Every structure is written in C-alpha cells, then in structure tokens.
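Survey of secondary and tertiary structure
Residues per chain, in single letters:
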Amino acid sequence: MLSSSLLSFNYYAPNLSVYLDDFKIENYSGSTGLKTIDENSYIIYPNPVSRSLYFRQNYLSGGEVNIEIYDALGALVHTETISHAQQEMNVDNLKTGLYQVVFRTLNKIEKHKLVIQK
C-alpha cells in the first residue's frame, strides 16, 4: 500500500526493489558485517550475592584476567588479577547495591551487572 501521506508507507514485495523519491528500498537479508557474541566468556554466580562471588571462564583463554568491580556511581571499589579458569572472590566488605563487574584481558573487555544483598 502506498499513500499520499508523507508518513504512511506499507509495502511487501519479496525479491523486488521499490523506489520512493530518491531512496531505493531493497529486500536484503545478508549480514550487517557486525560480529555477534552468542554468549559471554565469563559467568558470575550467585547473583544476587551476599558473601562469596564465584566466576569462571567458558573457555580457557590463557593469560591473566583483571577483574574490576564498580559501584553504581562508577567508583572502583575492588580490583583483582587472576590466571585461573575458576575463582572465588569475597565481596563481604561491599555494601548492598548494584555493581558492575568488568573482566579485562589483552583483547577483550566484558561487563556484567552484579547485585549484592546482605
């Protein structure tokens, strides 16, 4: 359906091109060229947490991983460097609230939300 209104345009034509003024609308189902990440490299649990936070890597990347925890205001409240696939971190000193856990390696930065409940 084409309409004379400037904001109304409904049209379905698979495998056809439609011209509207100087714009060409094509049926395109190809890739955008953006890399999609199907799953995270790191898993944190339990979430919410009260005392001990556990995390593990879905795959072994080798090398060190810097772990940073930021509070809701963006202040760095804890940092740690590990080189193991699975680790436990004591978060008993952190107050109840919403935090962000950042995993940093040489070639990747991954962020997770964390809720601490006392």
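In what follows, the structure referred to is the one given above.
Keep in mind it's a predicted model, so treat the numbers as computed, not measured. (Residues numbered from 1 in each chain as written. Predicted model: local features only at pLDDT ≥ 70, side-chain atom pairs only at ≥ 80, totals over all residues. Heavy atoms only, no water.)

**Here we look at the sheet that holds strand β9 (residues 109-116)**
- The sheet built from four strands is open, its strands ordered β6-β5-β8-β9 with antiparallel pairing. Since the sheet does not close on itself, it has two edges, and those belong to β6 (76-82) and β9, each with one partner. Averaged over all pairs of adjacent strands, the angle between strand axes in this sheet comes to 20°, irrespective of strand direction. (Pairing = 2+ DSSP bridges. Helix = DSSP H or I, 4+ residues; strand = E, 2+ residues; numbered from the N terminus. Axes fitted to C-alpha atoms, helices over the stretch in contact; angles between N-to-C directions.)

**Structural notes on unusual backbone geometry**
- Following Tyr45, the chain continues into Pro46 via a peptide bond in cis, with omega recorded as -10°.
- Here Pro46 shows up in the loop between β3 (42-45) and β4 (52-57).
- For the bond running from Asn47 to Pro48, omega is 15°, close enough to zero to count as cis.
- Among the secondary structure elements, Pro48 is positioned in the loop between β3 and β4.

**Observations concerning the nonpolar core**
- One finds Ile67, Val91, Phe103 and Leu114 to be the most contacted residues of the largest nonpolar core, which totals 17 residues.
- Taken together, the elements giving at least two residues each to this core come down to β3, β4, β5 (65-70), β8 (97-104) and β9.
- Ignoring anything within four residues of it in the chain, the contact list for Leu114 reads Ile44, Pro46, Asn47, Val49, Leu53, Gly97, Leu98, Tyr99 and Val101. (Core = buried A, V, L, I, M, F, W, Y, C linked by side-chain atoms within 4.5 Å. Buried < 20%, exposed > 50% of the residue type's maximum accessible area, 1.4 Å probe, protein only. Contact = heavy atoms within 4.5 Å.)

**Section: the side chain of His112**
- Tracing the backbone shows His112 in strand β9.
- Taking relative accessible area as the criterion, His112 reaches 11% and is therefore assigned buried.
- Within the structure, His112 has its side chain in polar contact with the backbone oxygen of Tyr42 (distance 3.3 Å).
- Here Glu110 takes part through its side chain, which lies 2.7 Å from a polar atom of the side chain of His112. (Polar contact = N/O pair within 3.5 Å; in protein donor to acceptor, adjacent residues only side chain to side chain.)

**Some remarks on the environment of Glu68**
- Relative to the helices and strands, Glu68 is located in strand β5.
- Assessed through its relative accessible area of 12%, Glu68 is described here as buried.
- Ignoring any residue separated from it by four or fewer positions in sequence, one finds Glu68 in contact with Leu76, His78, Thr79, Gln100, Val101, Val102 and Arg104.
- For Glu68, the side chain forms a polar contact with the side chain of Tyr70, separated by 2.8 Å.

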